[in-house]
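The chain contents come next:
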Amino acid sequence: MRDVAPDAVVSDILTLAPALAGELEGVPVGTVIPHVDPRMPPGSAPYSCGARLPRTRVGRALWHGADPLLRHGLQLGRRQLNETRRRLGLPALARVHGGISPALALVATFPQLEYPRTWRAGTHVVGPLMWEPPAPAVELPPGDEPLVLIAPSTSQDPGQTLLRAALEGLAELPVRVLASANRQIPPVPVPANARLVDWVSYSRTMPACALVVCHGGHGTVARALASGCAVVIVPAAGDMNENAARVDWAGVGVRVPRRLVGARALALAAGRALARPELRVGARGLQAWAARHDGAVRAADLVEAFAAGEPQPE
């Protein structure tokens, strides 16, 4: 950090080393949150527990009852981070969520997936920041039926449970199925209406799809919605439960609890999603928003102003 002498440091919410190094060298520090903001509004369920925003005063009051447990976890994280800061010679923080910069936080998701709240100064919902490795186009299954993409997580479900169950469950539906094995093709029967490939480019493939079945990683969900696809989510870990809850709340998809994953459950969920045109309408609304709002351009404008010490553009 000292050798490069940057004008600003902007790092992922989970990569604290560059943020701490920037602070040590007196460099302004910003944060990218590559999913929905984990700082939940009052009366919400704890982040990533999978519960939706409560719709009633009673529901909000019930979740308030969990506040002491949530505060305990946040304070524990604050103490652990402050111990690291002490070793580095940095002052302790009084606030929780110390990994998020109060000066600049770029929330890289759709605003339609964020619960209503009064946003903190310095926090900006810029839209998804999407990236994928280069990949060639793949041949789609023939026919005119709706195309369903099975897009399992690249880091979860090593036994390919979702892939197996989805292929079996969608075999009897009037759909075409394209399934990605993420370079781990298992010995699994491939039904007549499906094609199983080693790897697939989401940006090339999802615009042709009506539905995406996935574990709910934010990158996959954001790409699907930006392509106008409704989603079926079977959460596996991390932020996936929260993403599933937001998709359900926003009316752009269906979620299936992990404990219920199986061929019948996925067939029912996919059939329900395809039979509800309002889900596709909602997804196309997010697609239209993404076409008008380039998250990368918005984030770059904010970072440039931040590095120059200028007011952050509205």
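See the structure above.
Let me begin by describing the structure that accompanies this report. (Residues numbered from 1 in each chain as written. Predicted model: local features only at pLDDT ≥ 70, side-chain atom pairs only at ≥ 80, totals over all residues. Heavy atoms only, no water.)

### Focus: the packing of helix 4 (residues 161–169) against helix 8 (residues 263–275)
- Interaxial distance between helix 4 and helix 8 falls to 8 Å at its minimum, and their mutual angle equals 65 degrees. The handedness of the crossing between helix 4 and helix 8 comes out as right-handed. Seen from helix 4, the contacting residues are Leu162, Ala165, Ala166, Glu168 and Gly169; seen from helix 8, they are Ala263, Leu266 and Ala267.
- Among the residues making up the contact of helix 4 with helix 8, the classes are represented as six nonpolar, one polar and one charged. (Axes fitted to C-alpha atoms, helices over the stretch in contact; angles between N-to-C directions. Helix = DSSP H or I, 4+ residues; strand = E, 2+ residues; numbered from the N terminus. Left-handed = near helix turned anticlockwise from the far one by under 90°. Contact = heavy atoms within 4.5 Å. Nonpolar A, V, L, I, M, F, W, Y, C, P; charged D, E, K, R; others polar.)

### What about the packing of aromatic side chains?
- Going through the model one piece at a time under the given rule, you end up with two aromatic pairs.
- For the pair Phe110 and Trp289, a centre-to-centre distance of 5.9 Å together with 65 degrees between the ring planes defines the contact as edge-to-face. Highlighted residues: Phe110 in the loop between strand 3 (105–107) and strand 4 (123–125) and Trp289 in helix 9 (residues 277–292), separated in sequence by 179 residues. Side by side, Phe110 and Trp289 carry an identical accessibility label, which is buried.
- On the basis of an interplanar angle of 90 degrees and a centroid distance of 4.8 Å, the ring pair of Tyr115 and Trp249 is categorised as edge-to-face. Remark: Trp249 occurs in helix 7 (residues 240–250) and Tyr115 occurs in the loop between strand 3 and strand 4; sequence separation between them is 134 residues.
- Positioned over the ring face of Trp199 is Arg183, at 4.1 Å from the centre of the ring.
- Above the ring of Tyr115, the side-chain terminus of Arg246 is found at 4.0 Å from the ring centroid. (Phe/Tyr/Trp six-rings, centres within 6.5 Å; stacked < 30°, edge-to-face > 60°. Buried < 20%, exposed > 50% of the residue type's maximum accessible area, 1.4 Å probe, protein only. Lys NZ or Arg CZ within 6 Å of the ring centre and 35° of its normal.)

### Let's talk about the side chain of Ser227
- Its location among the elements puts Ser227 in the loop between helix 6 (218–226) and strand 9 (230–233).
- In this structure Ser227 comes out as buried when scored by relative accessible area, which is 9%.
- There is a polar contact of 2.8 Å between the side chain of Ser227 and the backbone oxygen of Arg223.
- Setting aside its immediate chain neighbours within four residues, Ser227 contacts Met206, Pro207 and Gln287. (Polar contact = N/O pair within 3.5 Å; in protein donor to acceptor, adjacent residues only side chain to side chain.)

### A look at the environment of Asp301
- Counting through the fold element by element, Asp301 comes out in helix 10 (residues 295–308).
- Residue Asp301 is classed as partly exposed on the basis of its relative accessible area of 37%.
- Separated by 11 residues in the primary sequence, Asp301 and Gln312 have C-alpha atoms spaced 8.2 Å apart.

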